[in-house]
Amino acid sequence: MGIVTLKDVAKVAGVSYATVSRALSGSPEIGESTRKRVVRICEEMGYTPNSVARSMVMKRTNIIGLIVTSIDNPFMSEMTAHLEIYARKCGYNLMVCNSSYDLNLEKEVFSLLMGRKVDGIIMIPIGNESYDTLKVLTAQVPTVFISENMCFRKFFV
């Protein structure tokens, strides 16, 4: 059997697609016994929500992208762990990408995260050249740069 959809659950439960959706969203428009039955059937069938479809409706993914220069750097892995815990507490998931100190890869993973429609990006840039390279992209998604000893004058001009 492939991926279980809301329509599959609706068919087994003998209800409409909309009823399954309402049951899972906690809508008061359906009875408690119907909601419990639908939720039980979802669990039995192994249904998992389609986050992509939901994000299209909600206009947000609840995902924050994180680009680090080297995931095996102890500081960056520890920072990543703390950011992931904090993001989860705030209702977000963290998608981590490693740029490997490669400017082309940095731009590629930034574009990848944008394609995934992340709600924002936190990045440790390779260097000052990252700002010029990513300027067109950072204008399209909220971006936070984390770094030290960086010259920001060019960025704000």
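Quick note: structure is the one above.
About the criteria used
- Residues numbered from 1 in each chain as written.
- Predicted model: local features only at pLDDT ≥ 70, side-chain atom pairs only at ≥ 80, totals over all residues.
- Heavy atoms only, no water.
- Helix = DSSP H or I, 4+ residues; strand = E, 2+ residues; numbered from the N terminus.
- Rg over C-alpha atoms; globule rule 2.2 N^0.38 Å.
- Buried < 20%, exposed > 50% of the residue type's maximum accessible area, 1.4 Å probe, protein only.
- Contact = heavy atoms within 4.5 Å.
- Areas by Shrake-Rupley, 256 points an atom, 1.4 Å probe, with all protein chains shown as cover.
- Lys, Arg positive; Asp, Glu negative; His and termini not counted.
- Charge placed at Lys NZ, Arg CZ, Asp CG, Glu CD.
- Pairing = 2+ DSSP bridges.
- Axes fitted to C-alpha atoms, helices over the stretch in contact; angles between N-to-C directions.
- Right-handed = clockwise from strand over helix to strand, strands pointing away.
- Arc of directions from axis to C-beta.

Caption draft 1: Highlighting the overall build of the chain. The secondary structure content of the chain amounts to eight helices and four strands. Mapped from its N terminus to its C terminus, the chain presents α and β elements in the order α-α-α-α-β-α-β-α-β-α-β-α. For the chain, the C-alpha radius of gyration of 21 Å lies well beyond 15 Å, the compact-globule estimate for 157 residues. Its C-alpha atoms give the chain principal-axis dimensions of roughly 60 × 30 × 30 Å. Put simply, the chain has 157 residues, and 33% of those count as buried. Counting contacts in the chain only where the partners sit at least 6 residues apart, residues at least 24 apart contribute 55% of the total. When the accessible surface of the chain is summed, it comes to about 10200 Å², and 56% of that surface belongs to carbon and sulfur atoms. One way to put it: in the chain the 18 positive side-chain charges average out to a point 11 Å from where the 15 negative ones average out.

Caption draft 2: How the structure looks around unusual backbone geometry. At Ser100, a position not held by glycine, the phi torsion is positive, near 55°. By secondary structure assignment, the location of Ser100 is in the loop between strand S2 (93-98) and helix H6 (103-115).

Caption draft 3: Quick look at the sheet that holds strand S3 (residues 120-123). The four strands lie next to each other as S2-S1-S3-S4, forming an open sheet whose pairing is parallel. On the outer flanks of this sheet lie S2 and strand S4 (143-145), each paired with one strand and no other. On average, adjacent strands in this sheet sit at an angle of 20° to one another, irrespective of strand direction. As judged from the four bridges shared by strand S1 (residues 63-68) and S3, these two strands associate in the parallel manner. Residue pairing in the sheet places Gly65 in a bridge with Ile121 of S3. Set on the sheet, helix H5 (residues 74-89) makes contact with S1, S2 and S3; between it and S1 the angle comes to about 175°.

Caption draft 4: Summary view of the pairing of S3. Side chains Gly120 and Ile122 of S3 all project onto a buried face; the interleaved residues Ile121 and Met123 project onto the opposite face, where all are buried too. In this sheet, S4 lies alongside S3 in parallel orientation, the contact comprising three bridges. Across the sheet, Ile122 pairs through a bridge with Val144, a residue of S4. Remark: the S3/helix H7 (residues 129-138)/S4 crossover connection has right-handed handedness.

Caption draft 5: Examining helix H2 (residues 17-25) more closely. Those residues of H2 that fall on the buried side of the exposure criterion are Thr19, Val20 and Ala23. Taken around the axis of H2, the buried residues stretch over an arc of 100°, which confines them to a single face. In this fold, the buried residues of H2 make contact with helix H1 (6-13) and helix H3 (32-45). With its phi angle positive at about 80°, Gly26 sits one or two positions after the end of H2.

Caption draft 6: Spotlight on the environment of Val109. With respect to the element layout, Val109 can be found in helix H6. Overall, the relative accessible area of 9% leaves Val109 in the buried class. The spacing of Val109 and Val96 is 13 residues in sequence and 9.5 Å in space, taken between C-alpha atoms. Apart from residues lying up to four places away in sequence, Val109 is in contact with Ile67, Cys97 and Asn98.

Geometry only, nothing functional implied.
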